[in-house]
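# Tertiary structure, described
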Amino acid sequence: MTHLRTTRTRARTMAPVLALAAAFLIPAVPDAVAAQAPAGAAGAPHGHGRATVLNVPRDYPTVQAAVDAVPEGNDRRVVVRIAPGTYREHVRIGKNKPYVSFEGTGRHRDDTVIVFNTPNGELKPDGTTVGSSGSATVLVEGHDFTARHLTFANDFDEAAVEISGEQALAVKTTGDRVTFTDTAFLGNQDTLMTDTPALTTKARVYIEDSYIEGDVDFIYGRATTVIERSVIKALSRGDAANNGYITAASTWKDNPYGILITRSRVISDAPAGTFHLGRPWHPSGNPDAVGQVLIRQTSLPAAVKASPWTDMSGFSWRDARFTEYRNTGPGSAVTADRPQMSPADAAQHEVGDYLAGDDAWAPHRARH
């Protein structure tokens, strides 16, 4: 996003970097590797035939090398199994490579880390900036992508580098039917962007049993996004009055479903009454990007402000579609500036309503 913030003083320490080969030949995709997962992994009834399994680093020295080996236009599940280690690289899953799955094979999700440190404002050779897509450690454009049991991070050190454009994404998605299970997203500003190829195009993302942290607009974009049974950490910037914003939705005005955070827990190391639940993002001032956020049946910490929604770039939060429903915890007290969804409307804003689309996608009903 284009809005800057005060510099954070805490730098993140990542695990030791896994040594990667500088040059290599990409072997052919095996024809007869184990088909351990159904083609419609993570509840998506899409893809055909048996799944192909690619192993990193046993068969491919980097995660991107394994992705590069996936045939363009593939129509079956390709599972990239990633051994424990820290993979310092950018990873790009293009829109011509659907049905790709990442699976960490360690004991814990933080055993397998994909990380880089590019900020939004980094310059390209032509003098322009890399933007959100260029800063993202992992960019997912292909549909039916899944990830399980690993960590995505952007460890750009805001305190060490003076730059205009400190936003640094761990993950950006634009593909449809994207699922993350038991994953972690680590960053500060703009940690996780779930987006669509165009404002009027819909895309769905389901995140379950996961962990997301950041400080400014760190869950944002225009995709229909469900975050369920997860932990969201709002990091303190050391500000006595304003430590940041959890969400910044830019939902298309004709899409009734934007960001849903449900049955989750928000935690924070920020002082009481210093964190916003969100603000409305209108990219390029587009009035048709009318953010929709519902936070329901979620525990909120004392760090949440009594008036938790705020304006952005001249757009009033009151014109956005921001609501809560049956939240708990010290930060959930209802005030005049906290719209509450009615039970009747809440019945039309369940997880399945957000994800179903025109194809009855229901990854939340899958058994893992």
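Residues numbered from 1 in each chain as written. Predicted model: local features only at pLDDT ≥ 70, side-chain atom pairs only at ≥ 80, totals over all residues. Heavy atoms only, no water.

### So, the overall build of the protein chain
Each helix and strand counted, the protein chain has four helices and 22 strands in total. The buried share among the 368 residues of the protein chain stands at 57%. A fraction of 75% describes how many contacts in the protein chain between residues 6 or more apart in sequence connect residues 24 or more apart. Total accessible area on the protein chain stands at roughly 14600 Å², and carbon and sulfur atoms take up 51% of it. (Helix = DSSP H or I, 4+ residues; strand = E, 2+ residues; numbered from the N terminus. Buried < 20%, exposed > 50% of the residue type's maximum accessible area, 1.4 Å probe, protein only. Contact = heavy atoms within 4.5 Å. Areas by Shrake-Rupley, 256 points an atom, 1.4 Å probe, with all protein chains shown as cover.)

### Overview of the confidence of the model for the protein chain
Summing up the model confidence of the protein chain, the mean pLDDT is 89 and the portion of residues at 70 or higher is 86%. Segment residues 2-45: pLDDT under 50, and 101 contacts once partners within four positions in sequence are set aside and those in other chains are kept. (pLDDT = per-residue confidence, 0-100.)

### Concerning the packing of aromatic side chains
A complete count under the given rule lists eight aromatic pairs for this structure. Residues Trp309 and Phe322 carry aromatic rings whose centres are separated by 4.5 Å and whose planes lie at 25° to one another, so their mutual orientation is stacked. On the criterion of sequence distance, the pair formed by Trp309 in the loop between β21 (292-296) and β22 (321-325) and Phe322 in strand β22 is long-range, its members being 13 residues apart. The pair formed by Trp309 and Phe322 is uniform in burial state, with each residue classed as buried. Ring pairs connect the aromatic residues Phe102, Phe145, Phe152, Phe180 and Phe185, which therefore count as one cluster. (Phe/Tyr/Trp six-rings, centres within 6.5 Å; stacked < 30°, edge-to-face > 60°.)

### Side note on the nonpolar core
In terms of nonpolar packing, the biggest core is built from 56 residues, with Ile93, Phe102, Ile114, Phe145, Phe152, Phe180 and Ile246 touching the most fellow members. Considering every element that reaches this core, the biggest residue donor is helix α1 (residues 63-68), with four residues. Among the nonpolar cores identified, the runner-up in size contains twelve residues, and Tyr206, Leu294, Ala346 and Trp361 belong to it. (Core = buried A, V, L, I, M, F, W, Y, C linked by side-chain atoms within 4.5 Å.)

### Observations regarding the pattern of salt bridges
Across all of its chains, the model carries 18 salt bridges by this definition. In this structure, Arg229 and Asp209 form a salt bridge, with 3.0 Å as the shortest nitrogen-oxygen distance. In this pair, Arg229 sits in the loop between β15 (224-228) and β16 (231-234) while Asp209 sits in the loop between β12 (204-208) and β13 (211-214), placing the two residues 20 residues apart along the sequence. Measuring nitrogen to oxygen at the nearest pair gives 2.8 Å for the salt bridge that ties Arg318 to Asp337. Separated by 19 residues along the polypeptide, Arg318 in the loop between β21 and β22 and Asp337 in the loop between β22 and α3 (343-346) bring together distant segments of the chain. Relative accessible area serves as the criterion here: at 22%, Asp337 is assigned to the partly exposed category. (Salt bridge = Lys/Arg side-chain N within 4 Å of Asp/Glu carboxyl O.)

### Comments concerning the sheet that holds strand β7 (residues 138-140)
The sheet built from seven strands is open, its strands ordered β4-β7-β9-β11-β14-β17-β20 with parallel pairing. One side of each edge strand has no neighbouring strand; the edge strands of this open sheet are β4 (91-93) and β20 (275-278). Neighbour-to-neighbour, the strand axes of this sheet turn through a mean angle of 10°, independent of strand direction. Sheet topology note: the strand β9 (residues 171-173)/strand β11 (residues 192-194) ladder contains three bridges and is parallel. (Pairing = 2+ DSSP bridges. Axes fitted to C-alpha atoms, helices over the stretch in contact; angles between N-to-C directions.)

### As for the environment of Thr137
Along the chain, Thr137 turns up in the loop between α2 (131-135) and β7. Those residues in contact with Thr137 that sit more than four places away from it in its chain are Glu89, His90, Val91, Arg92, Ile114, Val115, Phe116, Ala153, Asn154, Leu169 and Ala170. Here Phe116 takes part through its backbone nitrogen, which lies 3.4 Å from a polar atom of the side chain of Thr137. (Polar contact = N/O pair within 3.5 Å; in protein donor to acceptor, adjacent residues only side chain to side chain.)

### Some words on unusual backbone geometry
Between Val56 and Pro57 the backbone carries a cis peptide bond, its omega angle lying at 5°. For Pro57, the location among the structural elements is in the loop between β1 (52-56) and α1. You will see that Tyr99, though not glycine, has its phi angle at about 60°, which is positive. Residue placement: Tyr99 occurs in the loop between β4 and β5 (100-104). Note on Tyr99: relative accessible area 10%, which makes it buried. Its identity as a non-glycine residue notwithstanding, Asp182 has a phi of 50°, on the positive side. Among the secondary structure elements, Asp182 is positioned in strand β10 (residues 178-186). Given a relative accessible area of 21%, Asp182 falls into the partly exposed group.

### Examining the environment of Asn286
Looking at the element boundaries, Asn286 is found in the loop between β20 and β21. For Asn286, the side chain forms a polar contact with the main-chain nitrogen of Asp288, separated by 2.8 Å.

### As for the environment of His282
Tracing the chain through its elements places His282 in the loop between β20 and β21. Judged by its relative accessible area of 13%, His282 falls in the buried class. Separated by 34 residues in sequence, His282 and Ala248 have C-alpha atoms that sit 9.1 Å apart. Aside from chain neighbours lying at most four places away, what touches His282 is Pro287, Ala289, Val290 and Phe315.

### Quick look at the pairing of β1
Burial of β1 is extensive: five of the five residues sit out of reach of the surface. Where burial is concerned, the two faces of β1 agree: the one with Thr52, Leu54 and Val56 and the one with Val53 and Asn55 are both buried. Strand direction decides the pairing type here: β1 and strand β2 (residues 78-82), joined by five bridges, are parallel. Looking across to β2, one finds that Asn55 is bridged to Arg81. Handedness of the β1-α1-β2 crossover: right-handed. (Right-handed = clockwise from strand over helix to strand, strands pointing away.)

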